[in-house]
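# Observations on the model geometry
This is what each chain is made of:
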Amino acid sequence: MKRIILFVLVLALSASLSGCFLDPAENLYAIPKQPEEYYELQKAIEEAMPEGTTYCTPTSGDNQQAVQLADLDGDGSDETIVFLKTAAGSLTVCIFSRRDGAYRLLASLESAGSSFDHVEYVQIDGEPGNELVFGRLISDQVAQTLSVYALRGDTAQELLTANYSEYIMADLDADGNRDLVLLRADTEQSGVAEYYHWQEGQLVRAREAGMTTPVTAVKRIITGRMCQEVPAVFVASEYGEGMIVTDIFALRHGEFCNLTLADGNNTGVETVRDYYVYSTDIDDDGLIELPRLIALPELEDDETSKNRSLICWYNLLPSGTEQVKCLTYHSYSGGWYLIVPQRWAQTLAVTRVAVSSTTLGFRFQLVSDGKTTALFTLCAVSKDDTKRLAEEPGWEKLAENGNTVYLCSLEKGAAAEGLNVGTLQTMFRFIRVDWKTGETE
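First things first, this report covers the structure right here in the doc. (Residues numbered from 1 in each chain as written. Predicted model: local features only at pLDDT ≥ 70, side-chain atom pairs only at ≥ 80, totals over all residues. Heavy atoms only, no water.)

Glancing now at the sheet that holds strand 23 (residues 336-340). Here we have 5 strands laid out as an open sheet, ordered 20-21-22-23-29, and antiparallel in their pairing. Only two strands of the sheet have a single partner each, and these edge strands are strand 20 (290-295) and strand 29 (428-430). Here the average twist between neighbouring strands, direction ignored, is 35 degrees. Note that strand 21 (residues 309-316) and strand 22 (residues 322-331) share 6 bridges and pair antiparallel. (Pairing = 2+ DSSP bridges. Helix = DSSP H or I, 4+ residues; strand = E, 2+ residues; numbered from the N terminus. Axes fitted to C-alpha atoms, helices over the stretch in contact; angles between N-to-C directions.)

What follows is the structure, encoded as structure tokens:
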């Protein structure tokens, strides 16, 4: 992975580490001296900053430093990229290269805008080095502007400038280079996706594809394979009241299209107890599965069985057909889920039951011909309560996470379904949380 780091911090760290074992003891209390290279770069940056110019850090993404490093020309040495804002309010990107022991300003890219948005360094044209991709926020009333530059010799060549609301890089044509999928507003009813890929020495814009929703409704964008050998971009958006719909953008027969709209597929899913259900690789097979809710039977004599659902996870094939992968019962508030047999899809009911004076558990049972057969009960308790509950007959440990222990108790119908503690342990999973967004996957 390319190192994109704050230059000053790295140099300060290296300076503080070097010489610590050689200097007299009293020097350990002195302020570390920066190497000459640091002062040379600082001087070069100051000379490129007119009076009133300030550093301007990007506001989103992984690269949010004002001074960054990346190998733009592919010579094995990093260029220094500095993000600035002038006194007049314009934005400037300065690219420095160190040649013959001195820093030299190679390019100063000035453009309109109030702040930098997202910055990436990616391989687009197949040539040595990475291309510089950055977005700029113009104003609250104007869409953001995306710029793509390549360093050719000592010249920064502009490859693309386009307006956007959201964008993501993905290799949809599997040629080893990153392509650009850009989302922007079209009408009040829906947005559009534009696809750019490298062809015949330039970034070529393919025919755009429509979105199901306005671009303002987008909640999450991920990339992955929708099926073997078919990479895609998955755009999840809020749709109507309490619904999430996923647009799937990919190449079919070489044409960029929205597979959700092209085949009239039902890729929408309702929310589960106020949690949005997003597409994800639920079974860790390297493919992105889409979710669909299946309502569970309700028991007339138990209000806690109402409004519960299974999630059916499936892959959408380019032909428009669906391949069901698994069924799950998710407890988003509890942070766990169970992979359940597909034969339970129409007969599983879930209720809440008291397992102690202070703890409620989930009871899983099958409903058939008006009869209810209990399978097992699952509950979460603190480690302090585990010993007390485990002393009661029938409770076994499933898993633990931090200070929480998950226990299960097999009921009368478990044996007929081939259930034991071992099988329940293989069915039990923790819900993953995206460390960047804090959202569940």
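We now examine the packing of aromatic side chains. The final tally for this structure, using the stated rule, is 18 aromatic pairs. Seen from their ring centres, phenylalanine 428 and phenylalanine 430 are 5.3 Å apart, and the 85 degrees between their planes marks the pair as edge-to-face. A residue is classified by how much of its surface remains accessible, and phenylalanine 428, at 7% relative accessible area, is buried. Assessed through its relative accessible area of 31%, phenylalanine 430 is described here as partly exposed. Pairwise contacts between aromatic rings join Tyr329, Trp336, Phe362, Phe364, Phe376, Tyr406, Phe428 and Phe430 into one cluster. A cation over a ring is seen here: arginine 220 above tyrosine 278, with NZ or CZ 4.1 Å from the ring centre. A cation sits over an aromatic face here: arginine 352 above phenylalanine 362, 4.0 Å from the ring centre. (Phe/Tyr/Trp six-rings, centres within 6.5 Å; stacked < 30°, edge-to-face > 60°. Buried < 20%, exposed > 50% of the residue type's maximum accessible area, 1.4 Å probe, protein only. Lys NZ or Arg CZ within 6 Å of the ring centre and 35° of its normal.)

Its identity as a non-glycine residue notwithstanding, aspartate 100 has a phi of 55 degrees, on the positive side. Along the chain, aspartate 100 turns up in the loop between strand 4 (91-99) and strand 5 (102-111). Among the residues examined, aspartate 100 registers a relative accessible area of 84% and is labelled exposed. Non-glycine residue histidine 253 carries a positive phi angle of around 55 degrees. Mapped onto the elements of the fold, histidine 253 is located in the loop between strand 17 (243-252) and strand 18 (255-258).

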